[in-house]
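The lines below spell out each chain.
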Amino acid sequence: MFTCCREYKLLITTKKMLGATRIAPKLLWRGRFHGSFRSVGQLSKSLAEVLRDVHERNVNPHEAEELIMSLLPTSNENNSQNNDEVLRQYANIDHARSLRTGFPEAVFAQGKSPEQVARILDDMARHANENAPSDNQPINPILATRVSLEMYKEVSAISFSHGAIKYHETARIISMTTSSGDTSTPNSSPPPAKARRRVVVVTAGTTDIFVAEEAAVTLEAAGCVIERVYDCGVAGLHRIVQATPRLRHKDVAAVIVCAGMDGALPSVVGGLVDVPVIAVPTSIGYGASFGGVSAMLTMLNTCSPGVATVNIDNGFGAAAIVYKMIK
């Protein structure tokens, strides 16, 4: 009587714990059962045999309980499965983008929850670790853009399994270094000289720096050399004239110019240099600037050849264009 009651309770408890979980444990018990279980259905068949042996007193209930518990998935396996399922509900990460387009995917954090940003970053780091080069080449950091300080505080409170994060407050960027990569370690072989050519990032005013830093930090994460020339707008033309030698240096491959208000500075720079100029309108200005629309229209109507314009406040987009130019 005791054995039958024990068998019944064991069966009910096991079914509750298993639910619809898929498992793949190895079973070797008294030489009778072996192989790899792929589903609850297959486990249930073997469970019936175990319980039949309990009923026939070939094994006692305690031994059977230990055996069944050993078949259950571990908490780590469950957590991994749950994390993958949750991630797929809101993100379809393009891990192959850098191979296809030459510039890696970044996380646009604005509009996402801190939990979503953290999970996406960690999964991108996991993929980078699993595909790390075998020649000790460093892995570029993974970026999340448009991260407010408040969001960063919430993201940093979440544990990461595949790397560590750093916050660039002015740029509003989180950079994540993978556990298998260290960008502070120099490359084992120097990159081509063209890939190490300098990019100058210029702003018209101090208030444009947050956009400029988004571009600068993005390019630095990609391994580019950056020089910053800030607060040299057209209200004091002598400032940009004084910076001309830095803009025209032989190692400079491109110039990014960020400006709000009237947006005139990119045209001025375009008339001084022989390299491409990427104009970035910023949302800085008084009423009729229309949140950067006025500056963008000025830049689109530039009379200086060789100036290309990206969207308002889009420092990341400017960085991506420049990187492809000099790559």
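Here the structure is shown first, and the text comes after it.
No experiment lies behind these values; they were computed from the predicted model shown.

What counts and what doesn't
Residues numbered from 1 in each chain as written. Predicted model: local features only at pLDDT ≥ 70, side-chain atom pairs only at ≥ 80, totals over all residues. Heavy atoms only, no water. Helix = DSSP H or I, 4+ residues; strand = E, 2+ residues; numbered from the N terminus. Buried < 20%, exposed > 50% of the residue type's maximum accessible area, 1.4 Å probe, protein only. Axes fitted to C-alpha atoms, helices over the stretch in contact; angles between N-to-C directions. Parallel < 35°, antiparallel > 145°, perpendicular 65-115°, else oblique. Left-handed = near helix turned anticlockwise from the far one by under 90°. Contact = heavy atoms within 4.5 Å. Nonpolar A, V, L, I, M, F, W, Y, C, P; charged D, E, K, R; others polar. Pairing = 2+ DSSP bridges. Right-handed = clockwise from strand over helix to strand, strands pointing away. Salt bridge = Lys/Arg side-chain N within 4 Å of Asp/Glu carboxyl O. Patch = residues over 30% accessible without salt bridge, like charges linked within 9 Å, V, L, I, M, F, W, Y side chains within 5 Å. Areas by Shrake-Rupley, 256 points an atom, 1.4 Å probe, with all protein chains shown as cover. Phe/Tyr/Trp six-rings, centres within 6.5 Å; stacked < 30°, edge-to-face > 60°.

K.L.:
Help me understand unusual backbone geometry, please; the structure alone is not making it clear to me.
P.N.:
Working note: non-glycine residues mostly have negative phi, and peptide bonds are mostly trans. Positive phi, normally seen in glycine, also occurs at Met261, with a value near 50°. Position of Met261 relative to the elements: it lies in the loop between strand S7 (252-259) and helix H11 (265-270). Taking relative accessible area as the criterion, Met261 reaches 43% and is therefore assigned partly exposed. In the Ramachandran plot, Asp313 falls in the positive-phi region, its phi being about 65° despite a non-glycine side chain. By secondary structure assignment, the location of Asp313 is in the loop between strand S9 (307-309) and helix H13 (315-326).

K.L.:
It is not clear to me how the packing of helix H8 (residues 209-221) against H13 should be interpreted in this structure. Could you clarify?
P.N.:
The description of two packed helices rests on the angle between their axes and on the distance between the axes. It is the contact of H8 with H13, at a shortest axis distance of 7 Å, that shows an interaxial angle of 40°. As judged from the angle between their axes, H8 and H13 are oblique. With respect to the hand of their crossing, H8 and H13 are arranged in right-handed fashion. On the side of H8, the interface is formed by Val211, Glu214, Ala215, Thr218 and Leu219, while H13 contributes Gly315, Phe316, Ala319, Val322 and Tyr323. Looking at the contact of H8 with H13 residue by residue, the classes come out as 7 nonpolar, 2 polar and 1 charged.

K.L.:
For this particular structure, what's the right way to read the pairing of strand S8 (residues 277-281)?
P.N.:
A regular strand places its side chains on the two faces of the sheet in alternate fashion. The element S8 is largely enclosed, with a buried count of 5 among its 5 residues. On S8, burial covers both faces: Val277, Ala279 and Pro281 on one face and Ile278 and Val280 on the other are all buried. The pairing of S8 with S9 spans 3 bridges and is classified as parallel. Residue pairing across strands places Ala279 opposite Thr309, the latter belonging to S9. Read from S8 through helix H12 (residues 293-300) to S9, the crossover connection turns out right-handed.

K.L.:
Just to check I follow, could you spell out the pattern of salt bridges for this structure?
P.N.:
If charged atoms from side chains of opposite charge come close, those side chains can pair. Enumeration according to the criterion identifies 10 salt bridges in this entry. In this structure, Glu214 engages Arg146 in a salt bridge whose closest nitrogen and oxygen atoms are separated by 3.7 Å. Residue Glu214 is found in helix H8, and its partner Arg146 is found in the loop between strand S2 (142-145) and helix H7 (149-156); the two are separated by 68 residues along the sequence. Look at Arg146 and you get buried, because its relative accessible area is 19%. Through salt bridges that share partners, Arg198, Glu227, Arg246, Lys250 and Asp251 make up one connected network.

K.L.:
Sorry if this is basic, but what is going on with a nonpolar patch on the surface here?
P.N.:
On the surface, a nonpolar cluster with roughly 400 Å² of combined accessible area is contributed by Phe290, Val293, Leu297 and Leu300. With respect to the element layout, Leu300 can be found in helix H12.

K.L.:
Just to check I follow, could you spell out the sheet that holds strand S1 (residues 107-108) for this structure?
P.N.:
By way of backbone hydrogen bonds, the strands of a sheet pair with one another, either parallel or antiparallel. Reading across from one edge, S1-S2-S4-S3 is the order of the 4 strands in this open sheet, with mixed pairing throughout. Looking at the sheet topology across the chains shown, the edges are occupied by S1 and strand S3 (163-168). Two strands pair when backbone bridges link them, and S3 and strand S4 (residues 173-178) are joined in this way by 6 bridges, in the antiparallel orientation. Across the sheet, Lys166 pairs through a bridge with Ser175, a residue of S4. Where H7 meets the sheet, its contacts fall on S3 and S4, and the angle it forms with S3 comes to roughly 165°.

K.L.:
Which parts of the structure should I look at to understand the side chain of Ser267?
P.N.:
Examined against the element boundaries, Ser267 turns out to sit in helix H11. Owing to a relative accessible area of 17%, Ser267 belongs among the buried residues under this scheme. Beyond its immediate sequence surroundings of up to four residues, Ser267 is in contact with Thr302, Cys303 and Ser304.

K.L.:
So what exactly am I meant to see when it comes to the packing of aromatic side chains here?
P.N.:
Any pair of aromatic rings gets described here by the distance separating the centres and the angle formed by the planes. The tally for this structure, following the rule as stated, stands at 1 aromatic pair. A centroid spacing of 4.5 Å and a plane angle of 10° characterise the contact between Tyr152 and Tyr167, whose relative ring orientation is stacked. Note that Tyr152 is positioned in helix H7 and Tyr167 in strand S3, a separation of 15 residues in sequence.

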